Amino acid sequence: MPIVVLVVLTVIGAVLGFAFGSRTAAKYTAEATVLVTPLAGNPYSPDGAGDDLINLDTEAQLVTSDAVAQTVATDVRTSNLTDLLNGLNVTVPPNTQILKVDYTSKDQSVARSRARSVA
């Protein structure tokens, strides 16, 4: 009897897992990088203190602005700026002059085209 209960619970778990997995929509994230200013020399050198590196946080915020979103919306042919900005994430990796643009969408081609357009 305990084996039958174990088998029934296993089947129920498998069915519920399959149902949940098939209902959860896949999300795709596309990444594009933008080199803002090339670094002179090696930023990881022990001789430098990193004083010559520029803080790109302002530029990262600018990428998520309405003005940039308007330009991207025209390029990718959409009119909903809110949806366009919701999938966008811009980061600045430490000790770099790079803006990393990530765009997440349910559609792989949409994620790729919007990440490229923003970059």
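One structure accompanies this document, and this report is about it. Worth saying up front: this structure is predicted, and the values here are computed from it rather than measured.

Before going further, it helps to examine the overall build of the protein. The number of helices and strands found in the protein is 5 helices and 3 strands. Helices and strands appear in the protein in the N-to-C order α-β-α-α-α-β-β-α. Split into buried and exposed, the 119 residues of the protein put 22% on the buried side. Counted over contacts in the protein with a minimum sequence separation of 6, partners at least 24 positions apart contribute 64%. Total accessible area computed for the protein in this model is approximately 8,500 Å², and 58% of it derives from carbon and sulfur atoms.

Another point: helix H5 (residues 108–118). Taken as a whole, H5 has its buried residues at Ala111, Arg114, Ala115, Ser117 and Val118. Around the axis of H5, the buried residues are gathered within 165 degrees of arc, so they sit on the same side. Contacts made by the buried residues of H5 are with strand E1 (28–35), helix H2 (57–63), helix H3 (66–76), helix H4 (81–86), strand E2 (88–91) and strand E3 (98–105).

Another point: the nonpolar core. By size, the foremost hydrophobic cluster in this structure holds 18 residues, and its most contacted members are Leu84, Leu88, Val90, Leu99, Tyr103 and Val118. Looking at this core, the elements with two or more residues in it are E1, H2, H3, E2, E3 and H5. At 4 residues, H3 tops the list of elements feeding residues into this core. What leucine 88 contacts, discounting residues up to four positions off in sequence, is Val63, Thr64, Val101, Asp102, Tyr103 and Val118.

As a further point, take the pattern of salt bridges. Here the structure, examined in full by the defined rule, presents 2 salt bridges. Here glutamate 31 ties to lysine 100 by a salt bridge, and the two come within 3.9 Å at their closest N and O atoms. Linking glutamate 31 in strand E1 with lysine 100 in strand E3, this pair joins segments that are 69 residues apart in sequence. Taking the shortest distance from any N to any O, the salt bridge between aspartate 102 and lysine 100 comes out at 3.6 Å. Residue classification places lysine 100 among the partly exposed positions, given a relative accessible area of 25%. Each of Glu31, Lys100 and Asp102 takes part in one network of salt bridges that share partners.

Here we take up the sheet that holds E3. Strands pair in a sheet through their backbones, by hydrogen bonds, and they do so in one of two ways: parallel or antiparallel. The strand order E1-E3-E2 describes an open sheet built from 3 strands, whose pairing is antiparallel. Each edge of the sheet is formed by a strand with only one pairing partner; in this case those strands are E1 and E2. Taking the axes of each pair of neighbouring strands and ignoring which way they run, one obtains an average angle of 20 degrees across the sheet. With respect to the sheet, H5 is in contact with E1, E2 and E3, its orientation differing from that of E3 by roughly 155 degrees.

Basis of the calculations
Residues numbered from 1 in each chain as written. Predicted model: local features only at pLDDT ≥ 70, side-chain atom pairs only at ≥ 80, totals over all residues. Heavy atoms only, no water. Helix = DSSP H or I, 4+ residues; strand = E, 2+ residues; numbered from the N terminus. Buried < 20%, exposed > 50% of the residue type's maximum accessible area, 1.4 Å probe, protein only. Contact = heavy atoms within 4.5 Å. Areas by Shrake-Rupley, 256 points an atom, 1.4 Å probe, with all protein chains shown as cover. Arc of directions from axis to C-beta. Core = buried A, V, L, I, M, F, W, Y, C linked by side-chain atoms within 4.5 Å. Salt bridge = Lys/Arg side-chain N within 4 Å of Asp/Glu carboxyl O. Pairing = 2+ DSSP bridges. Axes fitted to C-alpha atoms, helices over the stretch in contact; angles between N-to-C directions.

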